[in-house]
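Understanding the architecture of this molecule
Residues per chain are reported as follows:
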Amino acid sequence: MHSSMALGETMIKKLSKKFPPSDVISMKVGRNDMLVHTDEDGNAVLLFMGKIGSDGMIKGDRYARTLKYDREGKLIKDHWERKGKAS
């Protein structure tokens, strides 16, 4: 079992693109299975990364993204944080 890891630059770049709004996208990156939940604007905001089980659930790590905008709507904070185990 691999130890929990911070999201790498490649991964963050991949998660920074726009996805279908209010959706759950399943993808594979390297050896990891990923489920990405998006907000109404198509931003990835929740990530489950690890190995997908026969039940369709991912065992691994859970990450949440904080997006903060100023009054003009300019992005001022974009931060991924590990929230613990996903099972």
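Above this text you will find the structure in question.
First, a word on what this report is: a plain description of the structure on this page.

Cut-offs applied
- Residues numbered from 1 in each chain as written.
- Predicted model: local features only at pLDDT ≥ 70, side-chain atom pairs only at ≥ 80, totals over all residues.
- Heavy atoms only, no water.
- Buried < 20%, exposed > 50% of the residue type's maximum accessible area, 1.4 Å probe, protein only.
- Helix = DSSP H or I, 4+ residues; strand = E, 2+ residues; numbered from the N terminus.
- Pairing = 2+ DSSP bridges.
- Axes fitted to C-alpha atoms, helices over the stretch in contact; angles between N-to-C directions.
- Core = buried A, V, L, I, M, F, W, Y, C linked by side-chain atoms within 4.5 Å.
- Contact = heavy atoms within 4.5 Å.
- Polar contact = N/O pair within 3.5 Å; in protein donor to acceptor, adjacent residues only side chain to side chain.

With that settled, the discussion passes to the pairing of strand β2 (residues 32-38). Every regular strand shows the same layout, with side chains that alternate between the two sheet faces. For β2, the tally of buried residues reaches six of seven residues, placing the bulk of the element in the interior. Where strand β1 (residues 24-29) lies against β2, six bridges are found, and the strand directions are antiparallel. Residue pairing across strands places Val29 opposite Asn32, the latter belonging to β2. Here β1 folds back onto β2 in antiparallel fashion, the turn holding two residues, of which Gly30 has a positive phi close to 60°. Bridge count between β2 and strand β3 (residues 44-52): six bridges; the pairing is antiparallel.

A few words on the sheet that holds β2. Across the sheet, five strands lie side by side as β1-β2-β3-β4-β5; this open sheet has antiparallel pairing. With partners counted over all chains shown, the strands left at the sheet margins are β1 and β5 (75-86), one partner each. Recorded for the sheet is a direction-independent mean angle of 20° between the axes of neighbouring strands.

What follows concerns the environment of Asn32. Position of Asn32 relative to the elements: it lies in strand β2. On the basis of relative accessible area, Asn32 is assigned to the buried category, the value being 14%. Separated by 16 residues in the primary sequence, Asn32 and Phe48 have C-alpha atoms spaced 9.8 Å apart.

Turning next to the nonpolar core. One recurring pattern in soluble globular proteins: nonpolar side chains tend to sit buried together. Counting 14 residues, the largest nonpolar core has Leu7, Leu15, Met34, Val36 and Leu47 as its most contacted members. For this core, the secondary-structure elements that each account for two or more residues are α1 (9-16), β1, β2 and β3. Residues contacting Val36, with those up to four places away along its chain left out, are Leu15, Asp23, Val24, Ile25, Met27, Ala44, Leu46 and Leu47.

Another point: the side chain of Asn43. As for its position among the elements, Asn43 is in the loop between β2 and β3. Residue classification places Asn43 among the buried positions, given a relative accessible area of 7%. A polar atom in the side chain of Asn43 sits 2.8 Å from the side chain of Lys18. Sequence-distant contacts of Asn43, defined by excluding residues within four places in its chain, comprise Lys18, His37, Thr38, Arg65, Leu67 and Tyr69.

So, about the environment of Leu75. Structurally, Leu75 can be placed in strand β5. Linking Leu75 and Met11, residues 64 residues apart in sequence, is a C-alpha distance of 19 Å. In this structure, Leu75 is in contact with Leu67, Lys68 and Tyr69, ignoring residues within four places of it in sequence.

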